[in-house]
Amino acid sequence: MLNDFQPLTVHRDGVALHTRAGGGGPPLLLLHGHPQSMAMWHRVAPELARHFTVVLMDLRGYGDSARPASDAAHAAYSKREMALDALAVMAAYGFSRFDVLAHDRGARVAHRLAMDHAAAVRRLMLLDIAPTLAMYAHTGEAFARAYWHWFFLIQPPPLPEVLIESDPARYVRSVMGSRHAGLDAFDAAALAEYARCAAIPGTAASICEDYRASASIDLDHDRADVAAGRVLAQPLRVLWGEHGTVARCFDVLALWRERASQVSGQSLPCGHYIAEESPRHLLQEALSFLSTFQESP
């Protein structure tokens, strides 16, 4: 999928990052969610490439990017480390300042990227998340039942890894198929791609480390921001699926207004997987938002 976008492998600190790019115009980085890869953008990336230089990357541990070993602190999969990957990828394409459109796990990376490297991120659009710290702090029964994988993946190794590795495709279909739209919303080729990548050796360990990091070191970084009064300064647009768990369990806009100074947002008529369930609405939102704010002189 996305074969019209030219591939490039970017190396950072020994980690090979699979990327693709295409189009022309201002640079726009797309970051995917779990348990997916850059293939999740296949319904919107071609149109976005008519207006932007679109750069897609597979996060470390996902897709065809490398799966580095982690440590007891889960630092290798902290969103701070993954944000540095994104920064290196954009630098490899010659971009020091760019916009970001990100979903799910990628949106958590984008949040840290914009916080740690404010000069690099011009505008930010995040899909179907509330801030990580707030989601853990306000977890209730409904959220825990719907987002069971958040609590399964952070269990000590090797139990979640072994269970995922026993049938990676079933894990992908179980996570994605349990949401609002079921599996019918996804292109068969995209589902096959997610299953292929889930079966790559090391994937189970990597995705567990991603979530373990979010429940530990990432929260430490977020708490430090809150304690210091740091908020996102960039224009931020947040979108969420009106039929999704995030919408049912959290006041998305209010929570982001605690973490950013310029926030707007709304729900879209879909569930969690906005780019695949409601690509037309997402394109309208993205093109409108990313054209609204102009670079300051």
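Described below are features of the structure shown in this document.

Each value, and the rule that gives it
- Residues numbered from 1 in each chain as written.
- Predicted model: local features only at pLDDT ≥ 70, side-chain atom pairs only at ≥ 80, totals over all residues.
- Heavy atoms only, no water.
- Helix = DSSP H or I, 4+ residues; strand = E, 2+ residues; numbered from the N terminus.
- Rg over C-alpha atoms; globule rule 2.2 N^0.38 Å.
- Buried < 20%, exposed > 50% of the residue type's maximum accessible area, 1.4 Å probe, protein only.
- Contact = heavy atoms within 4.5 Å.
- Areas by Shrake-Rupley, 256 points an atom, 1.4 Å probe, with all protein chains shown as cover.
- Lys, Arg positive; Asp, Glu negative; His and termini not counted.
- Charge placed at Lys NZ, Arg CZ, Asp CG, Glu CD.
- Core = buried A, V, L, I, M, F, W, Y, C linked by side-chain atoms within 4.5 Å.
- Salt bridge = Lys/Arg side-chain N within 4 Å of Asp/Glu carboxyl O.
- Polar contact = N/O pair within 3.5 Å; in protein donor to acceptor, adjacent residues only side chain to side chain.
- Pairing = 2+ DSSP bridges.
- Disulfide = S-S within 2.5 Å.
- Expected span 1.5 Å × (residues − 1).
- Axes fitted to C-alpha atoms, helices over the stretch in contact; angles between N-to-C directions.
- Parallel < 35°, antiparallel > 145°, perpendicular 65-115°, else oblique.
- Left-handed = near helix turned anticlockwise from the far one by under 90°.
- Nonpolar A, V, L, I, M, F, W, Y, C, P; charged D, E, K, R; others polar.

A few points about the overall build of the protein
Looking only at helices and strands, the protein features 15 helices and 8 strands. What you see for the protein is a C-alpha radius of gyration of 17 Å, in line with the 19 Å of a compact globule of 297 residues. Dimensions of the protein along its principal axes, counting C-alpha atoms only, are 55 × 40 × 40 Å. Each of the 297 residues in the protein was classed as buried or not, and the buried ones make up 57%. Long-range contacts, defined here as pairs at least 24 residues apart, represent 76% of the contacts in the protein between residues at least 6 apart. For the protein, the computed accessible surface area is about 11,400 Å², with 54% contributed by carbon and sulfur atoms. Looking at charge distribution, the protein has the averaged site of its 27 positive side-chain charges lying 2 Å from that of its 32 negative ones.

A closer look at the nonpolar core
By size, the foremost hydrophobic cluster in this structure holds 95 residues, and its most contacted members are Leu 29, Trp 41, Leu 48, Val 100, Leu 126 and Leu 282. When sequence neighbours within four positions are dropped, the list of residues in contact with Leu 29 reads Val 55, Met 57, Ala 86, Met 90, Phe 98, Asp 99, Val 100, Leu 101 and Leu 113.

Quick look at the side chain of Arg 20
With respect to the helices and strands, the residue Arg 20 is situated in strand S2 (residues 15-23). In this structure, Arg 20 is buried with no salt-bridge partner, the nearest side chain bearing the opposite charge being Asp 64 at 7.1 Å. There is a polar contact of 2.6 Å between the side chain of Arg 20 and the backbone oxygen of Phe 5. Excluding residues within four positions of it along the chain, Arg 20 makes contact with Met 1, Leu 2, Asn 3, Phe 5, Gln 6, Pro 7, Met 38, Val 54, Val 55, Leu 56 and Tyr 93.

Some remarks on the pairing of strand S7 (residues 232-241)
Most of S7 sits inside the fold, with 9 of its 10 residues counted as buried. Relative to S7, strand S6 (residues 121-127) is paired through 4 bridges, and the arrangement is parallel. Residue pairing across strands places Leu 124 opposite Leu 236, the latter belonging to S7. Pairing geometry for S7 and strand S8 (residues 260-268), over 8 bridges, is parallel. What sits directly across from Pro 235, in S8, is Gln 262.

Re the pattern of salt bridges
Applying the stated criterion across every chain yields a total of 24 salt bridges. Between Lys 79 and Asp 218 there is a salt bridge whose closest N-O contact spans 2.7 Å. You can see Lys 79 sitting in helix H2 (residues 79-92) and its partner Asp 218 sitting in helix H11 (residues 217-228), a full 139 residues away along the chain. Given the relative accessible area of 4%, Lys 79 is considered buried. A salt bridge links Arg 237 to Glu 285; the shortest N-O distance between them is 2.8 Å. With Arg 237 in strand S7 and Glu 285 in helix H15 (residues 279-292), the pair connects residues that are 48 residues apart, well separated along the chain. Each member of the pair, Arg 237 as well as Glu 285, carries the same accessibility label: buried.

A word on the state of the cysteines
With the rule as written, the count across this model stands at 0 disulfides. With no disulfide of its own, Cys 197 lies 17 Å from the sulfur of Cys 208, the closest cysteine sulfur. On the basis of relative accessibility, which here comes to 3%, the residue Cys 197 falls in the buried class. The thiol sulfur of Cys 270 is not disulfide-bonded, and the nearest other cysteine sulfur, from Cys 249, lies at 16 Å.

Side note on H11
Because an α-helix completes one turn every 3.6 residues, residues spaced three or four positions apart along the sequence face the same direction. Taking 1.5 Å as the rise per residue, H11 with 12 residues should run 16 Å; its terminal C-alpha atoms sit 17 Å apart, in good agreement. What H11 keeps buried is the set Ile 217, Asp 218, Leu 219, His 221, Asp 222 and Asp 225. The inward-facing, buried residues of H11 contact H2, helix H3 (104-116), helix H4 (132-137) and helix H10 (203-214). Looking at the residues trailing H11, positive phi occurs at Gly 229, about 75°.

Thoughts on the packing of H3 against H11
At a minimum axis separation of 12 Å, H3 and H11 run at an interaxial angle of 45°. For the element pair H3 / H11, the angle class is oblique. Crossing angle aside, the handedness with which H3 passes H11 is left-handed. In this structure, H3 contributes His 111, Arg 112 and Met 115 to the contact, and H11 contributes His 221, Asp 222 and Asp 225. Its residues assigned to classes, the contact of H3 with H11 shows 1 nonpolar, 2 polar and 3 charged.

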